[in-house]
Amino acid sequence: MLHKFYTYKLKNDLEVIAIPMNKGSNVITSNIYYKVGSRNEVMGKTGIAHMLEHMNFKSTKNLKEGEFDKVVKSLGGVDNASTGFDYTHYFIKTSRRYLNKTFELFSEVMANLKLSDEEFQRERKVVYEERLWRTDNNPIGYLYFRLFNNAYIYHPYHWTPIGFKDDILNWSIEDIREFHKTYYQPKNAFLLVAGDIEVDEVFKSAEKYFSHIKNRAEIPKVHQKEPPLDGDKKIEIKRETQVDIVAIAYHIPEFNHEDQFALSAYSEILSGGKSGVLRDKLINKKRLVSEVYAYNMELIDKGVFLSLAVVNPGVNPDKVVKEIKSILRNTKITKKDLQKVKNQTKMDFLTSLESSSGVSNIYGDYFAKGDITPLLQYEEKINSLTPQKVEEIKKYFDKGVEVKLLKV
């Protein structure tokens, strides 16, 4: 069952969301979400949203470099951050008595980040190494990056949040400062606190630490809409790797479209747990691949339903692609399979609502994308799914993008 949430808006348009859970643990997760991700970048300056996430842990007017983490650890807390296609998320998990301190830290970073060139140059090297480690030197990571390069031509989802290598090497500190000025302001952010909290306490603390921060710039609108695929698109990449890897992506609607419930259920039928259809047929029965999954990616703009597989030695990658396509388009949806997915999905959903961090992630995701309605309707919509409704979403698997990474 969903937790009740309360919202409050400061005069500078910073939204504050409080979700009391009152489990008696005294644990809270304090979050700040900025409505900016790689979606808001432009070609030639990709990866800046992710770089800025790294810079947010550097020095400010009142904090030395690395002090943010030290303060959180001194409170017995943990902190981390992530950058996605659509938003950037920072969190601190602590005892409830440190609510004011966590807000003070978040406020300091929003208002007083130094963004010194010296710190930037050092951190740029770290981010470049991350790009090499996660993408260039990682076959699955490289294929994933190339998949988006080809699934999207016009829209900024054309690149993943890490960005292009040459862009990482060519940003200037002025680029980073301009990006911070534009997107790291109250009207483009929200605070979300979940756990053992008093709602009024959260709102008062937000007023104290954030109401003085002024908005600085207009926020550019992302106007690009990815055109439909004209037909199947097939890409072959030759690379020094131990195995062949294949992936297929299909365009699907935005995150708050009615069909998302059926698409999510179908991805579970295909690759949920050990009994997923893809795993059962391609690994257990036909022994064509060593790893396979399907994933429904829900994004602010048109997303993708993708499937990726690591091909076994001696197996023709074209055969694997053909098999995956056939499974996606022809798997019969039975009442029994759908009920199993409903039960598992409901259990996973309820489990994630038991912790303050789980609640923060679920609610924060929808608030950051700009529409909480799908979350409020989630249980009802999943329960009302029929085999026919799930069958109907196979219409999206007509034209796709195939990317094969082949060993040389």
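Residues numbered from 1 in each chain as written. Predicted model: local features only at pLDDT ≥ 70, side-chain atom pairs only at ≥ 80, totals over all residues. Heavy atoms only, no water.

1. Some thoughts on the packing of helix H9 (residues 260-271) against helix H12 (residues 335-352)
At a minimum axis separation of 10 Å, H9 and H12 run at an interaxial angle of 105°. By the angle between their directions, the pair H9 and H12 is classed as roughly perpendicular. The segment H9 lies against H12, with Ala265, Glu268 and Ile269 engaging Leu338, Val341 and Thr345. (Axes fitted to C-alpha atoms, helices over the stretch in contact; angles between N-to-C directions. Helix = DSSP H or I, 4+ residues; strand = E, 2+ residues; numbered from the N terminus. Parallel < 35°, antiparallel > 145°, perpendicular 65-115°, else oblique. Contact = heavy atoms within 4.5 Å.)

2. Regarding the layout of surface pockets
Of the voids in this model, the largest pocket is the one considered here, and its volume is about 1500 Å³. Residue lining of the largest pocket: 45 residues in total, with Tyr295, Asn296, Met297, Glu298 and Asp365 positioned closest to the centre. Tallied by class, the residues present in the lining of the largest pocket amount to 20 nonpolar, 16 polar and nine charged. Volume-wise, the second largest pocket comes out at about 400 Å³. In this structure, the second largest pocket is lined by 22 residues; those nearest its centre are Arg39, Lys221, Val222, Ile300 and Asp301. When the residues that make up the lining of the second largest pocket are grouped by side-chain class, the tally is six nonpolar, six polar and 10 charged. (1 Å grid on protein atoms, 1.4 Å probe; cavity = no way out; pocket = protein on both sides within 12 Å on 5 of 7 lines; lining within 4 Å. Points joined across faces, edges and corners; volume = space filled by probe spheres on them. Nonpolar A, V, L, I, M, F, W, Y, C, P; charged D, E, K, R; others polar.)

3. Some points on the sheet that holds strand S7 (residues 233-239)
Sheet strands pair by backbone hydrogen bonding; their relative direction is either parallel or antiparallel. Spatial ordering of the open sheet is given by S7-S11-S8-S10-S9, a layout of five strands whose pairing is mixed. The sheet is open, and its two borders are formed by S7 and strand S9 (289-297), each paired with just one other strand. Ignoring which end each strand starts from, the neighbouring axes of this sheet average 10° apart. Bridging between S9 and strand S10 (residues 303-311) involves eight bridges; their strand directions are antiparallel. What sits directly across from Val292, in S10, is Ala309. In the packing of H9 onto the sheet, the strands contacted are strand S8 (245-252), S9 and S10, and the crossing angle to S9 comes to about 170°. Packing against the sheet, helix H10 (residues 277-285) makes contact with S9 and S10, and its axis sits at approximately 160° to S9. (Pairing = 2+ DSSP bridges.)

4. Considerations on the UniProt feature "domain: Peptidase M16 C-terminal" (unreviewed entry) in the protein
In the UniProt entry, the feature "domain: Peptidase M16 C-terminal" (unreviewed entry) is given for residues 171-344. Taken end to end, residues 171-344 has its terminal C-alpha atoms 45 Å apart, with 39% of it in helix and 23% in strand. (UniProt positions renumbered as here; feature names shortened; annotations may be inferred.)

5. A short note on helix H7 (residues 173-183)
Those residues of H7 that fall on the buried side of the exposure criterion are Ile173, Asp175, Ile176, Phe179, His180, Thr182 and Tyr183. Next to the buried residues of H7 lie strand S3 (27-34), helix H1 (48-55), helix H3 (99-112), helix H4 (117-136) and helix H6 (165-170). (Buried < 20%, exposed > 50% of the residue type's maximum accessible area, 1.4 Å probe, protein only.)

6. Let's talk about empty space enclosed by the protein
Considering all chains together, one arrives at two cavities of 30 Å³ or more under this definition. Around the largest cavity, the lining residues are Ile32, Tyr34, Asn56, Phe57, Phe68, Tyr90, Phe106 and Val109. Of all the secondary structure elements, the ones that give two or more residues to the lining of the largest cavity are S3 and H3. Considering only residue class, the lining of the largest cavity consists of seven nonpolar, one polar and no charged. Reported here for the second largest cavity is a volume of approximately 30 Å³.

7. What to know about the sheet that holds strand S2 (residues 15-20)
Taken together, six strands build an open sheet; the order of strands is S1-S2-S6-S3-S5-S4 and the sheet is mixed. Since the sheet does not close on itself, it has two edges, and those belong to strand S1 (6-9) and strand S4 (78-83), each with one partner. Ignoring which end each strand starts from, the neighbouring axes of this sheet average 15° apart. In the sheet, S1 pairs with S2 via four bridges, with the strands oriented antiparallel. Opposite Lys9, over in S2, you have Glu15 as the bridge partner. H3 contacts S3, strand S5 (88-95) and strand S6 (189-195) of the sheet and is inclined by roughly 15° relative to S3.

8. A word on the side chain of Ser205
Along the chain, the position of Ser205 falls in helix H8 (residues 199-210). If we ignore the near neighbours within four places in the chain, the residues touching Ser205 are Leu99, Asn100 and Phe103.

9. Examining the packing of aromatic side chains
Tallied over the entire structure, the rule returns 27 aromatic pairs. The rings of Phe5, Tyr33, Tyr87, Phe190, Tyr363 and Phe367 are connected pair by pair, giving a single aromatic cluster. One cation-aromatic arrangement involves Arg131 over Phe145; the distance from NZ or CZ to the ring centre is 4.4 Å. Taking NZ or CZ as reference, Arg239 lies 3.6 Å from the ring centre of Tyr142, over its face. (Phe/Tyr/Trp six-rings, centres within 6.5 Å; stacked < 30°, edge-to-face > 60°. Lys NZ or Arg CZ within 6 Å of the ring centre and 35° of its normal.)

10. A closer look at the UniProt feature "domain: Peptidase M16 N-terminal" (unreviewed entry) in the protein
Residues given the UniProt feature "domain: Peptidase M16 N-terminal" (unreviewed entry) here are residues 19-131. Measuring from the first to the last C-alpha atom of residues 19-131 gives 36 Å, for a span that is 40% helix and 21% strand.

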